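Tertiary structure, described
So you can see what is in the structure, the chains are spelled out below.
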Amino acid sequence: VDAARKAAAGPLYDRVRQTTLAVDPVLESLLERSANAFGVAKRIAEANGQKFTLLEGSPGVDALMLPRQKVAPLSQIDTLKRSLYDLEQSHINPETGRLNELGNAYKDLRRELVAKIDSLTTDPKTGESFYRSARDAYAGPSELRAAANLGNQAMSKDAWKIGQMTDGMSESELQAFRIGAFESLRKK
């Protein structure tokens, strides 16, 4: 399953690695709000043998074409998004299993960042975001595991809570959620 997802998402993530985005005021504000996650993102990037120089000097070829405009590598923004997810998940109340206030703030910030990236990577002709397609083709293992665990808990939740649990999940995460719910049903 993992190899199939990597094969499906590979060309899309190649495009993510080759893309730089113009940093407009909205994206700049989101990046500034994410500044305390930069340290985590840098450690993730370095552990993967990559650089994390978001908004620091020499951003690439696009900067030569648009010298007054800041640009940011999409791959580094994606790493930042993953670090926001990790920070979000580290703020779960162990008694309730729900995000605390800080966890919810990280979740909202991550969602705003993803929505902005999706809008910047949407082809006006097709209306499709290649960044969204890449995420749908291969959700990160931790996101899939979390979705499957939530699905496993779904049997003991009210219907309205299930809607909250699945809000904002990618197609891959929804599939993992369904598998977790089915496994819970099978056990019962």
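Summary of the structure given here. All residue numbers refer to position in the chain's written sequence, counted from 1. Confidence filtering applies because this is a predicted model: local features only for residues at pLDDT of at least 70, side-chain atom pairs given and counted only at 80 or more, and all residues used for totals across whole chains, interfaces and linings. Hydrogens and water molecules were not included; the side-chain quantities draw on all heavy atoms of the structure.

Things to note about the packing of aromatic side chains
Definition in use: The aromatic pairing rule takes the rings of Phe, Tyr and Trp, using the six-membered ring of Trp, and pairs them if the centres are within 6.5 Å, calling planes under 30 degrees apart stacked, those over 60 edge-to-face and the rest tilted. Only DSSP runs of H or I covering at least 4 residues are called helices, and only runs of E covering at least 2 are called strands; the numbering of each starts at the N terminus. Whether a charge sits over a ring comes down to the Lys NZ or Arg CZ being within 6 Å of the ring centre and within 35 degrees of the ring normal.
The tally for this structure, following the rule as stated, stands at one aromatic pair. Geometrically, the ring pair formed by Phe-38 and Phe-52 is edge-to-face, given 5.5 Å between the ring centres and 90° between the ring planes. Here the residue Phe-38 occupies a position in helix 3 (residues 38-47), and Phe-52 occupies one in the loop between helix 3 and helix 4 (61-65), the gap between them amounting to 14 residues. Sitting over the face of the ring of Phe-130, Arg-15 holds its NZ or CZ atom 3.9 Å from the ring centroid.

Side note on helix 7 (residues 130-137)
As a reminder, the rule being used: Under the scheme applied here, a residue whose accessible area is under 20% of the maximum for its type counts as buried, over 50% as exposed, and between as partly exposed, the area being computed with a 1.4 Å probe on protein chains only. To be clear, the arc concerns the directions from the helix axis to the C-beta atoms. Whenever two N or O atoms come within 3.5 Å, that pair is a polar contact, provided that in protein one can donate a hydrogen and the other can accept it, and provided that, for residues adjacent in sequence, both atoms are side-chain atoms.
Of the positions making up helix 7, those classed as buried are Phe-130, Tyr-131, Ala-134, Arg-135 and Ala-137. Buried residues in helix 7, looked at end-on, bunch into an arc of 165°, giving them a common side. The N-cap of helix 7, judged by a side-chain oxygen 3.3 Å from the amide nitrogen of Tyr-131 a few residues on, is Ser-129.

Focus: the packing of helix 6 (residues 101-120) against helix 7
Applied cut-off: Fitted lines through C-alpha atoms serve as axes, helices being fitted only where they are in contact, and the angles separating the N-to-C directions of these axes extend from 0 to 180 degrees. An angle below 35 degrees is treated as roughly parallel, one above 145 as roughly antiparallel, one from 65 to 115 as roughly perpendicular, and anything else as oblique. A contact between two residues is defined here by any heavy atoms of the two lying within 4.5 Å. Charged residues are taken to be Asp, Glu, Lys and Arg, nonpolar residues to be Ala, Val, Leu, Ile, Met, Phe, Trp, Tyr, Cys and Pro, and polar residues to be all remaining types, Gly included.
Two elements in contact, helix 6 and helix 7, have axes separated by 7 Å at closest approach and are oriented at 120°. By the angle between their axes, helix 6 is oblique relative to helix 7. Where helix 6 abuts helix 7, its residues Val-114, Ile-117 and Asp-118 lie against Tyr-131, Arg-132 and Arg-135. Split by residue class, the contact of helix 6 with helix 7 holds three nonpolar, no polar and three charged.

Here's the deal with the environment of Tyr-106
The residue Tyr-106 is located in helix 6 in this model. Looking at Tyr-106, the relative accessible area reads 9%, which means it is buried. Counting along the chain gives 72 residues from Tyr-106 to Ser-34, while the straight-line C-alpha distance between them is 8.5 Å. Discounting residues that sit within four places of it in the chain, Tyr-106 has contacts with Asn-36, Leu-84, Leu-87, Glu-88 and His-91.

Looking at the pattern of salt bridges
Stated precisely, the cut-off is as follows: Any Lys or Arg side-chain nitrogen located within 4 Å of an Asp or Glu carboxyl oxygen qualifies as a salt bridge.
Taken as a whole, this structure holds nine salt bridges when the rule is applied. A salt bridge links Asp-118 to Arg-135; the nearest nitrogen and oxygen atoms lie 2.8 Å apart. You can see Asp-118 sitting in helix 6 and its partner Arg-135 sitting in helix 7, a full 17 residues away along the chain. For the pair Asp-118 and Arg-135, a shared accessibility class is recorded, and that class is buried. Residues Glu-183 and Arg-186 are paired through a salt bridge, measuring 2.5 Å at the closest nitrogen-oxygen approach. Highlighted residues: Glu-183 and Arg-186, both in helix 10 (residues 171-187), separated by three residues, approximately one helical turn. We classify Arg-186 as exposed; its relative accessible area is 55%.

Focus: the nonpolar core
The criterion, for reference: Grouping buried Ala, Val, Leu, Ile, Met, Phe, Trp, Tyr and Cys residues that are joined through side-chain atoms within 4.5 Å yields what is termed a nonpolar core.
Counting residues in hydrophobic clusters, the biggest one holds 27 residues, and the most contacted among them are Leu-31, Ile-77, Leu-80 and Leu-113. Only helix 1 (2-18), helix 2 (25-33), helix 3, helix 5 (74-89), helix 6 and helix 7 provide two or more residues apiece to this core. With five residues, helix 5 is the single largest residue contributor to this core. Each residue touching Ile-77, except ones within four places of it in the same chain, is listed here: Leu-21, Leu-27, Leu-31, Leu-54, Ala-72, Leu-113 and Ile-117. Residues Ala-147, Ala-154, Leu-174 and Ala-181 belong to the second largest nonpolar core, which totals eight residues.

Observations regarding the packing of helix 5 against helix 7
Applied cut-off: For a crossing to be left-handed, the near helix must be turned anticlockwise from the far one by less than a right angle; the clockwise case is right-handed.
It is at 13 Å that the axes of helix 5 and helix 7 come closest, and there the two elements cross at 50°. Considering the angle they form, helix 5 stands oblique to helix 7. The hand of the helix 5/helix 7 crossing is right-handed. Contact residues: Leu-74, Asp-78 and Lys-81 in helix 5; Phe-130, Tyr-131 and Arg-135 in helix 7. When grouped by side-chain class, the residues that make up the contact of helix 5 with helix 7 number three nonpolar, no polar and three charged.

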